[in-house]
Amino acid sequence: MTTATPDESLDACLATLRRLDHDRFLAALVAPAAKRPALVALYAFNAEIARVRETVSEPMLGQIRLQWWRESIEALERGEARGHEVIVALELAKLPAACLITLVDARERDLDDEPFADMAALETYAEATSSALMRLATLALGGEDHPAIRPAGIAYALTGLLRAVPAHASQGRLYLPLDLLREHDVDPHRIFAGEMSEGLRSVVNAIAARARGLLAEARGIGKVGRASLPALLPAALCDRYLDIMTAPDFDPFRRSTDVPAFRRQLRLLGRSFAGRF
């Protein structure tokens, strides 16, 4: 594989991010220009490892793919950047290899198709993926860790998992906690069949309420420094998504939760200028 130049690698990462994680793509554009390449590289890396389960036919192949990413990061730490554009871009980001590998490790849970037992297990997963990514993004921006990162990251992940219910169901995957499904008498097979029910609506509303509570907690902890703010900005988009999903007549299998890009851009810009997420 021919190694791309840093500029070519960054362009490729931007394209990956625009295609796979448009919210973080927009949030990265709000970051200071000097810090943007590191943030884009990190987010593109996350987008790649987050989609491993979707790109393999069986978990063992996913394990092999995740191991390739681990070995590539370890090689990067030794100054041996491989040809993949994300790895080349990460070389310039100078992020701790151990933290990047921890993100890879967290994605092993995606290879297990068993649903989460309860909300506590789901939030542990959300913290290991989304909150951990926010912390690394803060580091990439030259900011400081902040206690709002944990609840903001979990809230963003819970919102994203609710939005992804139809996509996951079409793949025979389920991220909704079993205890909530049992409490509201929801048959997972009906979800896999793309059927909305009042029980499923109650489950969605319960998780959405938890996400809103975490957002309120994060926003009430204290002001986030300007340097760190872009890392938390994706959470600013949760409110509108949650409003859509908790509307009385919303059916995730028939309606989209998409919000026009220009509205998301305005939201991110407004929050950035206000110094809030």
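Look above for the structure.
An account of the accompanying structure is given in this report. (Residues numbered from 1 in each chain as written. Predicted model: local features only at pLDDT ≥ 70, side-chain atom pairs only at ≥ 80, totals over all residues. Heavy atoms only, no water.)

**Looking at the state of the cysteines**
Part 1 of the argument: Scanning the entire structure with this criterion turns up zero disulfides.
Part 2 of the argument: This cysteine, Cys99, is not joined by any disulfide, and Cys13 carries the nearest cysteine sulfur, 19 Å off.
Part 3 of the argument: For Cys99, a relative accessible area of 36% gives the class partly exposed. (Disulfide = S-S within 2.5 Å. Buried < 20%, exposed > 50% of the residue type's maximum accessible area, 1.4 Å probe, protein only.)

**Topic: the packing of helix H9 (residues 149-163) against helix H13 (residues 198-221)**
Part 1 of the argument: The geometry of H9 relative to H13 is characterised by a closest axis approach of 8 Å and an angle of 155° between their N-to-C directions. Comparing the axis directions of H9 and H13 gives the class roughly antiparallel. Judged by the twist between their axes, the crossing of H9 over H13 is left-handed. Contacts from Pro151, Ala152, Ile154, Ala155, Leu158, Thr159 and Leu162 of H9 reach H13 at Val204, Ile207, Ala208, Arg210, Ala211, Leu214, Leu215, Glu217, Ala218 and Ile221.
Part 2 of the argument: Looking at the contact of H9 with H13 residue by residue, the class counts come to 14 nonpolar, one polar and two charged. (Axes fitted to C-alpha atoms, helices over the stretch in contact; angles between N-to-C directions. Helix = DSSP H or I, 4+ residues; strand = E, 2+ residues; numbered from the N terminus. Parallel < 35°, antiparallel > 145°, perpendicular 65-115°, else oblique. Left-handed = near helix turned anticlockwise from the far one by under 90°. Contact = heavy atoms within 4.5 Å. Nonpolar A, V, L, I, M, F, W, Y, C, P; charged D, E, K, R; others polar.)

**Concerning unusual backbone geometry**
Part 1 of the argument: Phi angles above zero are rare outside glycine, and Lys94 is one such case at about 55°.
Part 2 of the argument: Within the element layout of this structure, Lys94 appears in the loop between helix H6 (85-93) and helix H7 (97-106).
Part 3 of the argument: According to the relative accessible area criterion, Lys94 is exposed, its value standing at 66%.
Part 4 of the argument: The phi angle at Asp185 is positive, at roughly 55°, despite the residue not being glycine.
Part 5 of the argument: Among the structural elements, Asp185 can be located in the loop between helix H11 (178-183) and helix H12 (188-192).

**Re the pattern of salt bridges**
Part 1 of the argument: Within the structure shown, the criterion is met by 17 salt bridges.
Part 2 of the argument: Note that Asp110 is salt-bridged to Arg107, the shortest N-O span being 3.1 Å. For the residue pair Asp110 and Arg107, the accessibility class agrees, reading buried in each case.
Part 3 of the argument: Notably, a salt bridge pairs Arg267 with Asp239, separated by 3.0 Å at the nearest N-O pair. (Salt bridge = Lys/Arg side-chain N within 4 Å of Asp/Glu carboxyl O.)

**Notes on the environment of Glu54**
Part 1 of the argument: Here Glu54 is to be found in helix H4 (residues 52-55).
Part 2 of the argument: A sequence separation of 159 residues divides Glu54 from Gly213, and the C-alpha atoms of the two residues are 30 Å apart.
Part 3 of the argument: In this structure Glu54 touches Gln171 and Arg173, once residues within four positions along its chain are discounted.

**Some points on the packing of aromatic side chains**
Part 1 of the argument: For the structure shown, the criterion picks out five aromatic pairs.
Part 2 of the argument: Arranged with centres 5.6 Å apart and planes meeting at 70°, the rings of Phe45 and Trp69 form a pair that is edge-to-face. Taken together, the residues span a long stretch of sequence, with Phe45 in helix H3 (residues 36-50) and Trp69 in helix H5 (residues 59-77) at a distance of 24 residues. Take Phe45 and Trp69: they sit in the same class, and that class is buried.
Part 3 of the argument: On the basis of an interplanar angle of 45° and a centroid distance of 5.2 Å, the ring pair of Phe116 and Tyr125 is categorised as tilted. (Phe/Tyr/Trp six-rings, centres within 6.5 Å; stacked < 30°, edge-to-face > 60°.)

**A short note on the nonpolar core**
Part 1 of the argument: The biggest cluster of nonpolar side chains holds 91 residues, and the ones touching the most others in it are Phe45, Leu90, Leu176, Ile191 and Phe277.
Part 2 of the argument: The residues touching Leu90, leaving out its near neighbours within four places in the chain, are Ala41, Leu42, Phe45, Ile73, Leu76, Leu95 and Leu100. (Core = buried A, V, L, I, M, F, W, Y, C linked by side-chain atoms within 4.5 Å.)

**Here's the deal with a nonpolar patch on the surface**
Part 1 of the argument: Taken together, Met60, Leu61 and Ile64 make up a surface patch of nonpolar side chains, about 300 Å² in accessible area.
Part 2 of the argument: Its place among the elements puts Met60 in helix H5.
Part 3 of the argument: With a relative accessible area of 53%, Met60 lands in the exposed category. (Patch = residues over 30% accessible without salt bridge, like charges linked within 9 Å, V, L, I, M, F, W, Y side chains within 5 Å. Areas by Shrake-Rupley, 256 points an atom, 1.4 Å probe, with all protein chains shown as cover.)

**Some remarks on H13**
Part 1 of the argument: In this model H13 runs 35 Å from its N-terminal to its C-terminal C-alpha over 24 residues, within 8% of the 34 Å that 1.5 Å per residue would give.
Part 2 of the argument: Within H13, the full set of buried residues consists of Gly199, Leu200, Arg201, Val203, Val204, Ile207, Ala208, Ala211, Leu214, Leu215 and Ala218.
Part 3 of the argument: Contacts made by the buried residues of H13 are with helix H8 (119-140), H9, H11, H12 and helix H15 (238-245).
Part 4 of the argument: Phi for Gly222, located one or two positions after H13, is positive at around 150°. (Expected span 1.5 Å × (residues − 1).)

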